[in-house]
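Structural features, examined
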Amino acid sequence: MKGFVTPDIAQLLDFSTLELVAGSFVTPAMQSREEDVVWRVKMADTTLYLYLLLEFQSTPDAAMPVRMVQYVAALYDSLIKEKRVDPRRLPPVLPVVLYNGERRWRVATDIGEVIACPPVLRPYQPRLRYYLLDEGAYGDHELAGVRNVVAGIFALENAQSKEEALAVVGRISEALKALPNRERIDRVLTQWVKRYLQRLHPGAMMAVEETLETGEGTMLATNVQKWAEELLREGMQQGMQQGIQQGIHRGQHEGKLWALRQLLRVRFPEADLTPYQARLDAATDAELEHLLTRAATATTLDAVFAAH
């Protein structure tokens, strides 16, 4: 809110009154939105509800304007049913969509923009605009100018190399120092950053609990996949170097085996490879190639080695 939403809104908010609103909201389509976050905060002489929708998918959703109308209506319905508000005088809601897909967001941010109707019917159509935070739309220079933790996280997910990622971690650390509740936030971010760096460079950081899941299609997941492909190439190169001394065939085999182990460590850093060690050692070139393909797309380690 402080770093990315329009200042004329953020400066009116009393963040000392910020309160998490518990509960999930069910849309008219009966889809639970338990992953969304709703906060309540004082804004001048009124109470504002912040509806933060986390959109972690690879492509923008053209139906977002309609979805947001449903979600805000479901929020109001829940508040009325729980007798938290007077239905004759509803509090304002600020809907915010946080999107971190690789493709840029080109979807309308107002339901009114997608309703085609004659001008005479315009006054009777729904109106609702959401505030869009598209992580990938912010450039490095722009993010560097926003000295807060969220800007650091955006920059980290946009990083194109391990070196860039490590530099951004330093910026996040500096931003943390200015926060009054930095110890609590630091614990959470430290876990997430360690996990993130471990995926980039297996073995560089100790294993920690998963604190932030990233689905396929997010920029973070996409970049991890790119770095994993780099590891594959490095593995093949290393195998070929071994082939100079051990024979070309053995070098290719060792390279594939090394690449597979590195990819498995990137994709499943906390998994134990011991049960599969014998199978890896006995695998043929063809089987290693098959396992490499499965390792790049499987969601679990067991799925990689499942019978086929």
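A few points on the structure. Remember, predicted model here, so these are calculated numbers, not experimental data.

A complete count under the given rule lists 11 salt bridges for this structure. What emerges from the salt-bridge pattern is a single network uniting E55, D61 and R67.

Moving on to the layout of surface pockets. Taken as a whole, the largest pocket holds about 1,700 Å³ of empty space. If you trace the largest pocket, you find 37 residues lining it, with W39, L52, V150, I153 and I185 closest to the centre. Taken together, the elements giving at least two residues each to the lining of the largest pocket come down to β1 (13-20), β2 (37-43), β3 (46-55), β4 (93-99), α4 (149-158) and α6 (182-200). Residues belonging to the lining of the largest pocket are distributed by class as follows: 27 nonpolar, five polar and five charged.

Time to look at the pairing of β4. In terms of residue burial, β4 counts as a mostly covered element, since seven of its seven residues are buried. Of the two faces of β4, the one holding V93, P95, V97 and Y99 and the one holding L94, V96 and L98 are both buried throughout. Taking the sense of rotation as the criterion, the β-α-β connection linking β3, helix α2 (residues 64-81) and β4 turns out right-handed. As defined by bridge partners, β4 adjoins strand β5 (residues 131-134) across four bridges and the pair is classed as parallel. Paired with V97 across the strands is L132, a residue of β5.

By size, the foremost hydrophobic cluster in this structure holds 25 residues, and its most contacted members are F4, L48 and L143. Looking at this core, the elements with two or more residues in it are β2, β3, β4, α4 and α5 (162-176). Ignoring sequence-local partners within four residues, the contact set of L143 consists of F4, Y138, A151, F154, A155, N158 and R171. Of all hydrophobic cores here, the second largest spans 19 residues; its members include M64, V97, Y99 and W105.

Another point: α4. Within α4, eight of the 10 residues are buried, which leaves the element mostly enclosed by the surrounding structure. Looking only at α4, the buried set comprises V149, A151, G152, F154, A155, L156, E157 and N158. With a side-chain oxygen lying 3.2 Å from the backbone nitrogen of V150, the N-terminal cap of α4 falls on N148.

Enumeration over the complete set of coordinates arrives at six aromatic pairs. Ring centres 5.0 Å apart and planes at 70 degrees place the aromatic pair F4 and Y138 in the edge-to-face group. Of this pair, F4 sits in the segment before α1 (7-10) while Y138 sits in the loop between β5 and α3 (140-144), and the two are 134 residues apart along the sequence. For F4, a relative accessible area of 10% puts it in the buried group. Between Y51 and Y71, the aromatic rings sit 6.4 Å apart at their centres with planes inclined by 10 degrees, giving stacked as the arrangement. Taken together, the residues span a long stretch of sequence, with Y51 in strand β3 and Y71 in helix α2 at a distance of 20 residues. Pair check on accessibility: Y51 and Y71 agree, each one buried.

The next subject is the environment of D302. Counting through the fold element by element, D302 comes out in helix α11 (residues 301-304). The exposure class assigned to D302 is exposed, which follows from its relative accessible area of 53%. It is 9.4 Å that separates the C-alpha atoms of D302 and Y276, two residues lying 26 residues apart in sequence.

What follows covers helix α10 (residues 285-297). In this model α10 runs 19 Å from its N-terminal to its C-terminal C-alpha over 13 residues, within 8% of the 18 Å that 1.5 Å per residue would give. All buried positions along α10 are accounted for by D285, L288, L291, L292 and A295. In an axial view of α10, the angular spread of the buried residues amounts to 115 degrees, which keeps them on one side of the axis. Away from its buried face, by an angle of more than 90 degrees, α10 presents the exposed residues A286, T293 and T297.

So, about the sheet that holds β1. A sheet is described by the order of its strands in space; here five strands give the open sequence β1-β2-β3-β4-β5, paired in mixed fashion. Only two strands of the sheet have a single neighbouring strand rather than two, namely β1 and β5. Each adjacent strand pair in this sheet contributes to an overall mean axis angle of 25 degrees, direction not counted. Against the sheet, α2 engages β2, β3 and β4, with an angle of about 135 degrees to β3.

Thresholds, definitions, all that
Residues numbered from 1 in each chain as written. Predicted model: local features only at pLDDT ≥ 70, side-chain atom pairs only at ≥ 80, totals over all residues. Heavy atoms only, no water. Salt bridge = Lys/Arg side-chain N within 4 Å of Asp/Glu carboxyl O. 1 Å grid on protein atoms, 1.4 Å probe; cavity = no way out; pocket = protein on both sides within 12 Å on 5 of 7 lines; lining within 4 Å. Points joined across faces, edges and corners; volume = space filled by probe spheres on them. Helix = DSSP H or I, 4+ residues; strand = E, 2+ residues; numbered from the N terminus. Nonpolar A, V, L, I, M, F, W, Y, C, P; charged D, E, K, R; others polar. Buried < 20%, exposed > 50% of the residue type's maximum accessible area, 1.4 Å probe, protein only. Right-handed = clockwise from strand over helix to strand, strands pointing away. Pairing = 2+ DSSP bridges. Core = buried A, V, L, I, M, F, W, Y, C linked by side-chain atoms within 4.5 Å. Contact = heavy atoms within 4.5 Å. Polar contact = N/O pair within 3.5 Å; in protein donor to acceptor, adjacent residues only side chain to side chain. Phe/Tyr/Trp six-rings, centres within 6.5 Å; stacked < 30°, edge-to-face > 60°. Expected span 1.5 Å × (residues − 1). Arc of directions from axis to C-beta. Axes fitted to C-alpha atoms, helices over the stretch in contact; angles between N-to-C directions.

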